[in-house]
Structure formats: C-alpha cells, structure tokens
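Structure assessment
Here's the letter readout for the chains.
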There are 2 protein chains.
Amino acid sequence: MRKGDGLVERLVERGAEGGRILLAVLDGLGDVSAPGCGTPLGEAAKPNLDRLASEGALGQHIPVAHGITPGSGPAHLALFGYDPVEYFVGRGILSALGIGFEVQPGDLAVRANFCTLDGSGAVADRRAGRIDTAKNAALSARLDGMDIEDVRVFVRPEKEHRACVVFRGPGLSGDVAETDPGHVGMQPVRPVPLAAGAEKASRIIGEFLRRAHELLAGESPANGMLLRGYAGYSPYPSMEERFGVRASAVALYPMYRGVASLVGMEVMPCSNRDDQIRAAGDALSAGSDFVFLHHKPTDSAGEDGSFEAKKAAVEAFDSMLPGLLACGFDVVCVTGDHSTPCPMKQHSWHPVPVLLRGGPQRCGWSSTFDEREAARGALGTIPAVDLMAILLASAGRLAKYGA
Amino acid sequence: MRKGDGLVERLVERGAEGGRILLAVLDGLGDVSAPGCGTPLGEAAKPNLDRLASEGALGQHIPVAHGITPGSGPAHLALFGYDPVEYFVGRGILSALGIGFEVQPGDLAVRANFCTLDGSGAVADRRAGRIDTAKNAALSARLDGMDIEDVRVFVRPEKEHRACVVFRGPGLSGDVAETDPGHVGMQPVRPVPLAAGAEKASRIIGEFLRRAHELLAGESPANGMLLRGYAGYSPYPSMEERFGVRASAVALYPMYRGVASLVGMEVMPCSNRDDQIRAAGDALSAGSDFVFLHHKPTDSAGEDGSFEAKKAAVEAFDSMLPGLLACGFDVVCVTGDHSTPCPMKQHSWHPVPVLLRGGPQRCGWSSTFDEREAARGALGTIPAVDLMAILLASAGRLAKYGA
C-alpha cells in the first residue's frame, strides 16, 4: 500500500457540486531528442494546446516508477489513480474487456493467437498468416462454448489472428506455462502448472487445446492456437466509489475501453474523432463528472519511428480541442500514458509531459507545451498515480486535510 | 518496503546484452551559493562535463529523504540502488570493510580511537596526539587476537589514532553504550547494555577494554582506547543478484571500497587517479558491466570550506573524463553522493546534481552542468535510490512492466 493511500478517498467531497474534468491521454506522447533537435510535441503546430499551456500549469509524470517502462494497462491505471503495482492486471483480462466481453470475478482470461502448425506439430507461423477477422470469427465460433469438467470456455475473436479465451469455473489459477514458444520451428510449450494450486487450470487448458486442435485440424493456415497472458479477474473499486466522480470513456480502441471499464467507467459508443467529441458532450449531459479521452495515433507513430506522423498526430488532437472545450469542462488535463520515443520505436521509461488548465493554477509560465517546458513547469515531477488527486483538487472536489 | 520495491529486480533482463555503465561519484559535489554567486561546480572550467551535459540529460537526486543529511555509507548505498534506511549499515562495519578486513555474518565491528587517559582515568586526549600509523599498527598488533569466552577479538589499525575492533562469536548485539565521552576531562563511558540481549556483548567489550588498558598501561600518549560505531554485519544481496550487473569499484579511500564490497562489487586495485582510469578499463575487459568511480577531493575541499579547492577538484575530475570515456562505457552518470557546501564545511541535505549521458535521453537542453541546470533538467528531482533503475533502463537492461 502506498504512503498516504486512502487519504484522497477520505477527502473526496461526495455529493457536492464539483468541476467537470477532461483527462485527454495522447498515447505515447513523450519523446526524446537529439542535441539541437526538437520533439514531435515541441515541433507540432498546436495553437490550442499552446493557449492552454499559457493559461494553465505544466509538469511531468512518472508512469510507474523511475526507470520503469510500462505497458498500456499499468500506465492507464496509474493515470486513473490506481497504483499500477498494487492493481496489476494481466493482458488476458485487458483483452477480454477490450472486446466488450463481460468478465466475472474468478474468470481466467487468456490471449490466444491462431497459428499454423506443421506436420510434426511445430509452430510454422505464430500468426497463421494474419488471417482476416471474419475467418477468425468463424473459427472462434467453432471453438466457443466447450464445457470441460465444471468449466465453461468462451472463445471470442479480436482482430486478425488474435482471439481471447475465457475460462469460467471455480479454482482456476493463472500460474500456468504460456504455450507460445515465441519462435517458429519449435513445438508449443505444454501448459504445465507453475505453482501449487494450478493443477486444475493446467488440466483444463491442456484439454481445451487438445479439443481445439482437433476441431481445427482440417484448417489452413489456422490449424492451431497459442495461449499467453493468463490473467485472473478480481474487480476493482470503481472511480465513483473511490473518487466520487461518475466517469466515462471515449476511446476508439478496445484495449483502452477495457481498462476504463475495469475502474467502472461508462464506455461511450464512438468510432472516430468527431464521435469522441460528441460522446464527451453526451457523457457530460448524462451526468458524468469525468471524461477519459484516448488518442492513439501519437503512440502508433512513435512505434513506427515516424517523427512527422507523431507531429501530425499531435496536430490532429489539437484540432479536436475547440470542440472538446465547448462541451463545458472546468478542468482539462492533456498528457500521455507513457513515452513512445520515435528513435526507440517502443514504449520507454521517460517522464511524460502534463498540461493542466482550469481551477486555480500557477499559470503564464509557458507559451507552449513540450517536454522541456513541462520539466520546468509548476507541477514539478510527480508520480502518475498522484495526478488524479491534483485533478480532483483543481475541480474543487477535495476537502482540507486536518484542521 | 518502498513502493515498487522488487519491481526493478523482476524486470532485469539477465543474461541479455546490455550497455556498460559508469557511475562517477564526485563526493560532496553539490554546493550552495550566495545571491549572484556561483557554485564550485558552476564556476569550474570543465569542458568535458559541459559536453556531456549537452549530449545528455540532467536532474537532481535526493540522497535519503528531503531535509536529511546523509553520511557517506547511506549516501553511497542509495546510489547503488539500496534503500539506505532498509539497508542501514553501521560505521564499524564500514571501517572494517574499508581496511580490507573480511567481515563475516554475525561479526560485531567497532570503530576505536587510541586515546590518552590521565592518572584519574579521565580522557586527556581523545586522539592520543594523533599518533602515527606505524605506532598504531604496533599497538593494534599487541591487542589483536584475544579470546574472551567464546569470542575472538581482532584489532586492526586504520590511520593515525584510528583502529577497528571486530568481535567474532555468537550472540553479539550492538546495543551497547559507546565509550567515547566526546569531551576531554571526562571518564570513558562504561559499555553498558542498552537493550535486552546485549548483556553478553557488554560483558565481552568491558573485558576487552580492561585487558587492552592493562596492555597499554606503560604507553604514552596512547594508553587507552575509546569505542563507538558498534555495528553488526548481515550480508546484502549483491548488485549482480539484484540488478544483473557485474560491478567493480575504482576508489582510492578504504571507506568507499568498503561500501562497494558490501554490495558485492569487485574492488579494483588503484592508488591514484591514473590508476583509477586504468582500473576502470581493466574492469570492463574482465567482464564488468558497471563501474563505480569515487572521487574524494570535492568533498575534502567542501569540508575545508575552500571554494577554489572544490572548483579545482571538479576540474581534476573533468580531466579524467577523456580517459574514462575511452574505456568504452555506453552510459555515463556523473553525480555526487550528497552535497558538502563550502559555506557549511560539512555534509548537507541539499539535492545533488545528476548528469546522465548515453542511451536515449532528452538532450540538448543545457550547455553546462551545475546545480541550477540540474534542477531544471529532463530527469526531474528523483530519490537517489531510484537512479539505478534509470541507469539500467538507459543501458537497455530492463524489460517492460505489464502489457
């Protein structure tokens, strides 16, 4: 348990009129720079962000801990005020939530790849030639609904070769070997138990794979399945329970909808950026106090190593800002979940810039929003998990501690 | 236990090819300044450090906690990634390790001063006129090797009037009164037990002092001994176990070699600055992944209150940098263990500047390395104990946390 944990919850002014908060997450926002060179954020033409920067306060957050490169799940949980070590969640659960599968306490969720096995049973293609999603859906339907002992098995398509398998029944531990060998030419790993108490899960998973491979035997190229990212599910206290805010998510990608629903956010339907703006307004109209907006293109561009695409992704978000501001938010925070520096083409541990406009702030320090101004900003360098308290305070939602 | 403790260890990529790290500690580096005046670090002519500053990222670390002035032991442990509160080590053990004495688990190590006692048994000189080291060695040899009950007592010279006493035997607690009264004209304090379970140690120490004073009775001026800094020894997990790096130390002073060996570093032989550079290269050739270099003169100058000497000490280190860089380090970090401001002539609690060059960094922000640039640097203000994770990440030695 973190120092001071529980303090914010105790000070939340429930039922009082508080400001309405927008948390806009530009995925993978932070970057690094060569000497004399700027970053995509710094170089982007972003008049709306720059105006907010001059009207508000800047700072930077550390997603999980210094030096730690986070995955998307932990990074978002931290931004939502959930300690990402205490509230660790496995990829299987994130996948299940991301496709809208209603996981229940006790479920064991697993990420699955359709794969190609050769005549000897070795893995010939870990992604089965990236079969299309329709084919995936047909194959998943064929495997869906098995009963093994007292366990029901759900198989649902994600995208291309990726599916999600959920085992529902008593006593299922996730301490089982992942079956993806990670390389072609190798036999799948057997799902052996890795800890005491995992024998049942190991047996059920083994039987599931045996039957699945039987059912897929005639298929080409998807005649096998590899499992990884086993994750049990125990529900979290919601943001409303913890922080007294009704929260909604406007996110286009399943993964981020999944994390949002994990902390009790209402997931608003939307399928493009205009939808996101409309949905943010709808959420406020329906009584939400807190809207999480997820913007993916910054991360995708970083993963691709494209400085120009990342700059354009920032600019695309900037153009959404007038519409978002018109929804009537009192407090607007723009940040990333982690850094995805273009030169690295992957997530990194670097601090993430934060912009906070609304509520009383030390403002007028910066006329633009970039990594350098953020590092010198009024908010200082803060753990990501503490950002929520600052948002709540800025929205007038936290009482004084002590007399 | 700190938040996230154990997280770094879990993410260390063992056996993988990672970058090679130099941690150069300019002892007591940080300083304070009068309005309009610079600091020794800021005023020093240091072309090599300035170049690294522009190529890398700056920040500042808090050695133990805000407002806490650390001793050399805790300050170095923190830099090595060991929480200095959890891994507290007493001065006696540091002294023993510093002279190369091979302490064993369960040993009770104590710092000793030869002193002068007057006819009434009161302390006339707490340092026995600072007898020379040769005389110290002769007297220590005379006291060395006593057997008291089931305890063997080792007495070894340090420097001038300072010696180290190690009690080896079962059940020895360090909760015993220190015998140095701290002032002349007073009787030595009796080594009474200060907690339950310390009776045996109290008895053994009392008997050791009785016999020692008998053996020294005819001597002048060193006819007595004062004890302080009792410390038990329990070995720490090594840096290799925790962080997957083979670590070596190039330090000229016993104390720092001692702290380094406490965390499993190989202590390289060296007796001057040129040796240190050579030894750093030798360490890499022999397979080390991490080299700790200790540079004492900055601290000595700070303790003397000499701005000019401290500036010169920074310049002396700067002139070592080309040789050190030629060794082939991938990640170079230059910092201090704590601040020793010239106006204070002692250690202080102030943040300590950090320079980090190598691996992907936000760089090009500063063209020089000083306290002010460091406070505005990309790394932000970090706990010293977290620096190791940033070094490991910069060297590509940490996996991602979560999916």
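No experiment lies behind these values; they were computed from the predicted model shown.

Residues and elements named next belong to chain B. Here we have eight strands laid out as an open sheet, ordered β10-β9-β11-β1-β12-β13-β2-β14, and mixed in their pairing. A strand with exactly one partner marks an edge of an open sheet, and here the two such strands are β10 (266–267) and β14 (381–383). The pairing of strand β1 (residues 21–26) with strand β11 (residues 290–295) spans six bridges and is classified as parallel. Within β11, the position partnered with Leu22 by the bridge is Val291. Across the sheet, helix α10 (residues 273–285) is in contact with β9 (247–250) and β11; its angle to β11 comes to roughly 170°. Helix α14 (residues 387–394) contacts β1, β11, β12 (331–335), β13 (352–357) and β14 of the sheet and is inclined by roughly 155° relative to β12.

Bringing the interface of chain A and chain B into the picture now. Facing 39 residues of chain A, the contacting portion of chain B comprises 33 residues. Both sides together, the interface formed by chain A and chain B hides about 2700 Å², and carbon and sulfur atoms give 61% of it. Interface area lost by chain A to chain B is led by His66(A), Trp349(A) and Arg376(A), which between them contribute 22%. At the boundary of chain A and chain B, one finds zero salt bridges.

This paragraph deals with empty space enclosed by the protein. The final tally for this structure, using the stated rule, is six cavities of 30 Å³ or more. Estimates place the volume of the second largest cavity at around 70 Å³. Contributing to the lining of the second largest cavity are Ile62(A), His66(A), Gly67(A), Trp349(A), Pro351(A), Gln361(B), Ala378(B), Leu379(B) and Ile390(B). By residue class, the composition of the lining of the second largest cavity is six nonpolar, three polar and no charged.

At an RMSD of 0.1 Å, chain A and chain B line up after a rotation of 128° and a shift of 0.1 Å along the axis. Looking at the interface residues of chain A, only 8% of them are also at the interface in chain B, so each copy uses its own face.

A word on the side chain of Ser366(A). All names here are of chain A. Residue placement: Ser366 occurs in the loop between β13 (352–357) and α13 (371–375). With a relative accessible area of 8%, Ser366 lands in the buried category. A polar atom in the side chain of Ser366 sits 2.6 Å from the side chain of Glu373. Once you skip the residues sitting within four places of it in the chain, Ser366 turns out to touch Ala53, Ser54, Leu58 and Glu373.

Residue and element names in this part refer to chain A. The element strand β2 (residues 57–62) is extensively covered by neighbouring structure, given that six of its six residues are classed as buried. Both faces of β2 are covered, namely the face carrying Ala57, Gly59 and His61 and the face carrying Leu58, Gln60 and Ile62. Note: β2 against β13, five bridges, orientation antiparallel. Each bridged residue has a counterpart across the sheet, and for Gly59 the counterpart in β13 is Val354.

At a minimum axis separation of 7 Å, helix α3 (residues 47–55) of chain B and helix α12 (residues 307–325) of chain B run at an interaxial angle of 65°. For the pair α3(B) and α12(B), the contacting residues are Pro47(B), Asn48(B), Leu49(B), Arg51(B) and Leu52(B) in the first and Val314(B), Phe317(B), Asp318(B), Leu321(B), Pro322(B) and Leu325(B) in the second.

This next bit is on the pattern of salt bridges. For the coordinates displayed, the defined rule picks out 44 salt bridges over all chains. Close ionic contact of Asp289(A) with Arg397(A) constitutes a salt bridge, the shortest N to O distance being 3.3 Å. Of the two residues, Asp289(A) is situated in the loop between α10 (273–285) and β11 (290–295) and Arg397(A) in the segment after α14 (387–394); the sequence distance between them amounts to 108 residues. Per residue, the accessibility class of Asp289(A) equals that of Arg397(A), and both read buried. Here Arg357(B) ties to Glu55(B) by a salt bridge, and the two come within 2.6 Å at their closest N and O atoms. Highlighted residues: Arg357(B) in strand β13 and Glu55(B) in helix α3, separated in sequence by 302 residues. Residue Glu55(B) is classed as partly exposed on the basis of its relative accessible area, which comes to 27%. If you follow the salt bridges from partner to partner, you end up with Glu207(A), Arg210(A), Arg211(A) and Glu214(A) in one network.

Attention shifts here to the layout of surface pockets. Roughly 1400 Å³ of internal volume is contained in the largest pocket. If you trace the largest pocket, you find 45 residues lining it, with Arg91(A), Arg111(A), Met255(A), Lys400(B) and Ala403(B) closest to the centre. Within the lining of the largest pocket, the residues separate by chemical class into 17 nonpolar, 13 polar and 15 charged.

Our focus in this paragraph is the packing of aromatic side chains. Residues and elements named next belong to chain A. Counted under the stated rule, the structure contains 15 aromatic pairs over all chains. Pairing Tyr82 with Tyr236 gives two aromatic rings, centres 6.2 Å apart and planes at 25°, and the pair type is stacked. One end of the pair, Tyr82, is in the loop between α4 (72–79) and α5 (91–98); the other, Tyr236, is in the loop between β8 (224–232) and α8 (239–243), with 154 residues separating them in the sequence. There is no split in this pair, since Tyr82 and Tyr236 are both buried. For the cation-ring pair, Arg242 lies above Tyr82, with the distance from its terminal atom to the ring centre recorded as 4.4 Å.

Rules used in this analysis
- Just so you know, the residues in each chain are numbered from 1, in the order the chain's sequence is written.
- Just so you know, chain letters begin at A and ligand numbers begin at 1, following the order they were written in.
- Owing to the predicted nature of the model, reporting of local features is limited to residues with pLDDT of at least 70; listing and counting of side-chain atom pairs is limited to 80 or more, with chain, interface and lining totals taken over all residues.
- To obtain the side-chain values, all non-hydrogen atoms of the structure were included, while hydrogens and water were left out.
- Here, strands pair whenever DSSP counts at least two bridges between them.
- The helix count covers DSSP runs of H or I at least four residues long, the strand count covers runs of E at least two residues long, and both are numbered beginning at the N terminus.
- Throughout, a contact is declared for two residues whenever any of their heavy atoms are within 4.5 Å.
- For every element, the axis is a line fit to its C-alpha atoms; helices are fit only across the contacting stretch, and the angle between N-to-C directions ranges from 0 to 180 degrees.
- What gets called buried area is simply the loss in accessible area from a 1.4 Å probe that two parts show on being joined, summed for both.
- In what follows, salt bridge is the name for a side-chain nitrogen of Lys or Arg lying within 4 Å of a carboxyl oxygen of Asp or Glu.
- Whether a set of points on the 1 Å grid over the protein atoms alone is a cavity depends on a 1.4 Å probe fitting there but being unable to get out, while an open set qualifies as a pocket with protein on both sides within 12 Å along at least five of seven lines; lining residues are those with an atom within 4 Å of a point.
- Grid points are joined across faces, edges and corners, and a volume is the space filled by probe spheres set on the points.
- Polar here means any residue outside two lists: the nonpolar Ala, Val, Leu, Ile, Met, Phe, Trp, Tyr, Cys and Pro, and the charged Asp, Glu, Lys and Arg; Gly therefore counts as polar.
- When the copies are superposed, the least-squares fit draws on C-alpha atoms of residues that have pLDDT of at least 70 in both.
- The buried label applies to any residue whose accessible area, calculated with a 1.4 Å probe on protein chains only, is under 20% of its type's maximum; exposed applies above 50%, and partly exposed to all values in between.
- Distance and chemistry together define a polar contact, namely a pair of N or O atoms within 3.5 Å, with one atom able to donate a hydrogen and the other to accept it when in protein, and with adjacent residues in sequence counting only for side-chain atoms on both sides.
- A pair of aromatic rings is counted whenever rings of Phe, Tyr or Trp (Trp by its six-membered ring) have centres within 6.5 Å, and the orientation is called stacked for planes under 30 degrees apart, edge-to-face for over 60 and tilted otherwise.
- As a reminder, the over-ring test applies to NZ of lysine and CZ of arginine, requiring each to be within 6 Å of the ring centre and within 35 degrees of the ring normal.

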